[in-house]
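Chain by chain, the residues:
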Amino acid sequence: MTAGWDTDSAAATVGGVVGALAPDAIGERWTAPLDGRIATSLPGGEQRITDLAARTVALAGGAS
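Remember, predicted model here, so these are calculated numbers, not experimental data.

Novice: Can you help me understand the overall build of the protein chain in this one?
Specialist: The number of helices and strands found in the protein chain is 3 helices and 2 strands. Along the protein chain, helices (α) and strands (β) appear in the sequence α-α-β-β-α when read from the amino end. Burial statistics for the protein chain: of 64 residues in total, 2% are counted as buried. Looking at the protein chain as shown, the accessible area adds up to about 5500 Å², and 62% of this sits on carbon and sulfur atoms.

Right, dumping it as C-alpha cells:
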C-alpha cells in the first residue's frame, strides 16, 4: 500500500490555489526570495512568473 506517498503534490496544489486567491496574504518572507522568477525542468528553464501568467491569459483568449 502506498497511501500518503504523494502528499507533496497535494500541498503544492493547495499552496498554488491559496496563492492565486490571496497573493498578498503570503508575505514577503516567502515571495521576496523568488524575485518574480520560477525555474523548471521544462525547455526555457528559469522564467518570469508575470510572463508565464500573461501567456496563460493570452492562450485563454483574454487580454494580456
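Novice: What exactly am I supposed to notice about the pattern of salt bridges here?
Specialist: Opposite charge on two side chains permits them to pair, given that their charged atoms come into close proximity. Scanning the model with the defined rule gives 2 salt bridges in all. We note a salt bridge from Asp35 to Arg37, for which the minimum N-O separation is 3.8 Å. What makes Asp35 partly exposed here is its relative accessible area of 47%. By relative accessible area, Arg37 is classed as partly exposed at 29%.

Novice: Just checking my understanding: could you explain a nonpolar patch on the surface for this structure?
Specialist: Together, Leu34, Ile38 and Ile49 line one region of the surface with nonpolar side chains, adding up to about 240 Å² of accessible area. Tracing the backbone shows Leu34 in the loop between helix H2 (28-31) and strand E1 (37-38). Since its relative accessible area comes to 44%, Leu34 is described here as partly exposed.

Novice: Explain helix H1 (residues 7-21) here, please?
Specialist: Each turn of an α-helix holds 3.6 residues, which means side chains three or four residues apart point in the same direction. Under the 1.5 Å per step criterion, the end-to-end length of H1 is 21 Å for 15 residues, consistent within 8% with the ideal 21 Å. Sparse coverage of H1 is indicated by the burial of 1 of its 15 residues.

Novice: So what exactly am I meant to see when it comes to the environment of Ile49 here?
Specialist: Structurally, Ile49 can be placed in helix H3 (residues 49-59). With 11 residues separating them in the primary sequence, Ile49 and Ile38 have C-alpha atoms 6.2 Å apart. With near-sequence residues (within four places) excluded, Ile49 lies in contact with Gly36, Arg37 and Ile38.

Calculation criteria
All residue numbers refer to positions counted from 1 along the written sequence of the respective chain. Given that the model is predicted, a residue must reach a pLDDT of at least 70 before its local features are reported, and side-chain atom pairs must reach 80 or more before they are shown or counted; all residues, however, enter totals for whole chains, interfaces and linings. The basis for every side-chain value is the complete set of non-hydrogen atoms in the structure, without hydrogens or water. Here a helix means four or more residues in a row that DSSP labels H or I, a strand means two or more in a row labelled E, and each is numbered from the N terminus. Each residue gets one of three labels from its accessible area relative to the maximum for its type: buried under 20%, exposed over 50%, partly exposed in between, using a 1.4 Å probe on protein chains only. To be clear on the numbers: accessible area is Shrake-Rupley with a 1.4 Å probe, and residue cover counts the displayed protein chains and nothing else. Just to be clear on terms, a salt bridge is a Lys or Arg side-chain nitrogen sitting within 4 Å of an Asp or Glu carboxyl oxygen. Excluding any residue in a salt bridge, patches collect residues exceeding 30% relative accessible area, merging like charges within 9 Å and nonpolar Val, Leu, Ile, Met, Phe, Trp and Tyr side chains within 5 Å. How far a helix is expected to stretch is found by multiplying one less than its residue total by 1.5 Å. Contact between two residues is taken to exist if any of their heavy atoms lie within 4.5 Å; hydrogens are not considered.

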